[in-house]
Amino acid sequence: MTIAGAEVGSGKAAEAPPNRTLWILLGIAVALMLGRALGLLPDWLIRLPDWMIPPTAEWLDAIFAFVQNDLGLLQVTRAIAGGLEYLLDATANLLYGKRRWPYLGPIPWSAIAAVAAVLGYFLGGWRMAALAGGTFVWTALIGQWEIAMQTMSVLVVAAPFAFLIGLLLGIAAWKYRAFDMALRPILSVLQTLPFFTYLLPAVIFFKVGPTAGAVATIVYALPPMILMTTLGLKKVPPEVVEAGKMSGCTRWQMLTRVYLPAARTELLVGVNQVIMLCLAMVVLTAFIGMPGLGAKLLAMMGSFKLGRSFEIGVTIVLLAITLDRLSKAWVVRQPVHFERGTPWWQRHVFLLAGAGAFVLFYVLAQFVEILNEVGIRQNLSQGREIDALIKSVLDIDAVQAVTQWLRWFLNVQILIPFRNSLLWIPTPAFILLVTALSYWVGGRRPAIYAAVFFSIVALSGWWDRSVITLYTVISAVILATLIGIPVAIAAARTEKWSRRMLLVCDSAQTFPSFIYLIPAIMLFGVNDVAVIFSILIFAMVPLMRYTIEGLRTVPPEMTEAADMSGATRRQKLMSVQIPLALPTMAVGFNQAIMFAFFMVIVAAFIGTQDLGQELQRTLAGSDIGKNIVLGMNVSLMALTFDMAILAWANRRERALGLTK
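Residues numbered from 1 in each chain as written. Predicted model: local features only at pLDDT ≥ 70, side-chain atom pairs only at ≥ 80, totals over all residues. Heavy atoms only, no water.

Trainee: Can you walk me through the pattern of salt bridges in this structure?
Mentor: Side chains bearing opposite charge may pair, as long as their charged atoms lie close to each other. Across all of its chains, the model carries 13 salt bridges by this definition. Put simply, Asp 180 and Arg 184 hold a salt bridge, and the shortest N to O gap is 3.3 Å. Linking Asp 180 with Arg 184, this pair stays in helix H8 (residues 177–192), spanning four residues, or about one helical turn. Looking at Asp 180, the relative accessible area reads 7%, which means it is buried. Here Arg 184 falls in the partly exposed class, since its relative accessible area comes to 21%. Overlapping salt bridges, with partners in common, bring together Arg 465, Glu 614, Arg 617 and Lys 626 in one network. (Salt bridge = Lys/Arg side-chain N within 4 Å of Asp/Glu carboxyl O. Helix = DSSP H or I, 4+ residues; strand = E, 2+ residues; numbered from the N terminus. Buried < 20%, exposed > 50% of the residue type's maximum accessible area, 1.4 Å probe, protein only.)

Trainee: Whenever I open this one, the packing of aromatic side chains confuses me. Can you help?
Mentor: One pair of aromatic rings is described through two measures. These are the centre distance and the angle between the planes. Tallying each qualifying case throughout the model produces 23 aromatic pairs. Residues Phe 430 and Trp 463 carry aromatic rings whose centres are separated by 5.4 Å and whose planes lie at 90° to one another, so their mutual orientation is edge-to-face. With Phe 430 in helix H21 (residues 427–441) and Trp 463 in helix H23 (residues 463–491), this pair connects stretches of sequence that are 33 residues apart. Trp 463 shares its class with Phe 430; the two are buried. For the cation-ring pair, Arg 500 lies above Trp 497, with the distance from its terminal atom to the ring centre recorded as 4.8 Å. (Phe/Tyr/Trp six-rings, centres within 6.5 Å; stacked < 30°, edge-to-face > 60°. Lys NZ or Arg CZ within 6 Å of the ring centre and 35° of its normal.)

Trainee: Which parts of the structure should I look at to understand a nonpolar patch on the surface?
Mentor: On the surface, Tyr 86, Leu 87, Trp 101, Tyr 103, Phe 161 and Ile 165 cluster together into a nonpolar patch covering about 610 Å² of accessible area. Of all the secondary structure elements, the ones that give two or more residues to the nonpolar patch are helix H5 (73–96) and helix H7 (145–175). The topology assignment puts Leu 87 in helix H5. (Patch = residues over 30% accessible without salt bridge, like charges linked within 9 Å, V, L, I, M, F, W, Y side chains within 5 Å. Areas by Shrake-Rupley, 256 points an atom, 1.4 Å probe, with all protein chains shown as cover.)

Trainee: How should the nonpolar core be read in this particular structure?
Mentor: One broad trend across soluble globular proteins is that nonpolar side chains are buried collectively. If you look at the biggest cluster of nonpolar residues, it comprises 190 residues, and the most contacted ones within it are Phe 195, Leu 199, Phe 430, Phe 514, Leu 517 and Phe 597. At 18 residues, the largest contribution of residues to this core is made by helix H28 (residues 569–602). The residue makeup of this core includes at least three contributed by each of domain 1 (108–141 + 303–333 + 343–395) and domain 2 (397–656). Contact partners of Phe 430, with chain neighbours within four places excluded, come to Leu 422, Ile 425, Phe 454, Trp 463, Val 467 and Leu 470. In terms of nonpolar packing, the next biggest core, distinct from the first, is built from five residues, Ala 173, Leu 183, Leu 187 and Ile 226 among them. (Core = buried A, V, L, I, M, F, W, Y, C linked by side-chain atoms within 4.5 Å. Domains from an automatic or database assignment. Contact = heavy atoms within 4.5 Å.)

Printed below as a string of structure tokens:
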């Protein structure tokens, strides 16, 4: 959910739009389409001619060249890169033995696994200890320790920087309203920009490899930390603030001793989001030469070694789930207070246990080779066997018949006709249709934004590619809705199945996006169906989650009133539960669209004809202007839907009396 979208539901934008304006917009759009069908529409109204397209990319290139060379920004960023590279070399030396300062690594895998187990026990008991320790044991025994530590060496640098910068910017936004108002639209754009747009500037200003990967990761992970810091500080109860003032606290003491401790929960939620986004981005920075799990996964998928890809995918998932569970356990864990005079060792027993476990296994690893490093012959990788199993399953006649029929049916009967229909629509008619849809759903302000945003897309010179991107997103979200909503409604009927499905959704949200490409390629090869299928799985998660949450939060008195009136289960669902759950479900639908726009860029790896493919090509050169123009097109289209849907959700909540 983006900030800009969250604001459009207030005021006149939330009022139901009059039908007359809507019909005028639709009427003009239909007239333009009829004109093209009859051959009466001039070419410049079908697609903007080249002379009308401003050279935005060239202008941006000139601006960046001026900033980079004439203003000397490149020297500044390279100096920053030097300091960052020093930190990355240190973590790389400690985690996987890169020969740089402090010349102490690599730390034995068994010592890191032991410390992770102790940390897991401290935060969540034996189950968390088994998950945390077991993840690192798996990573070592499967032969992926070095590539996993290459990823972790960047993560342990990027996450603290993202946390600190986000915290400081969040405090500034809370303190100064003007700064907050200026920052919010920037954060809205950052939340919808495709990740490829972060990568090229990072490469140009901070060198290829881990340094650029760390910078792109930090910027990508900033928005949630800023938002959660601002939100947490604004929610501090007035009585807590008054108590701090009455005790004579200075400004610094008020911030560090009153506000920040009172906002602890929101800050730790921000930390959780930072960690997860950093892990996701560190994997995706494989496109700019960042070594680690992402680079290895890309290489394996590129050579269709799906068994090895599956193993690397499992490692990424386990790391994501472990980091997610540990950070969430940290959020809910309350500080433990000891009586005055309690011995130091009792107050820090887990710290001592972690240090003891580290020393013990560090010493043992010097004498037991397998506790220090798992060799190629010792690891338990079954990549070739999994490859053979996958091929044998896919070679089954029944499986081939189903996948081939689905590929033919979806491509020939649905996807290609739908794509061609969207591409046939004249550009002005398309803009008017999107404006009308935004007006009908969200009101006047979202409609104005839609008209402006899509006009900018048309003037970018990448209209057809943008339409193909939109076609992919719409197709995937529609299919995800048709599958996910019925499953979520069925699961929401019982508490047991609701918990199980929410657990599945929680786990699926921790999966890095590359993982969803594996089953798509396995089943459908490299084509549009595989792209749609991978996006569909990714987008279905928020749809199901918010549908279940919405149905579960329907007030019991409303369902009881329906039961007393003799309503059937279907009538109760359609007339009471779904109408009351619709605002929450709309948030899920909005998130599904945002997820789809993100995933369609990732799916460019499969081979598409949309903006994602063009964005990927820019990484091979230095076309930063083109890169930003393409990224902004994706962002503007995503923001259009975000604003309209959230405006409708806000209006619906007020109509139901759920908000003021």
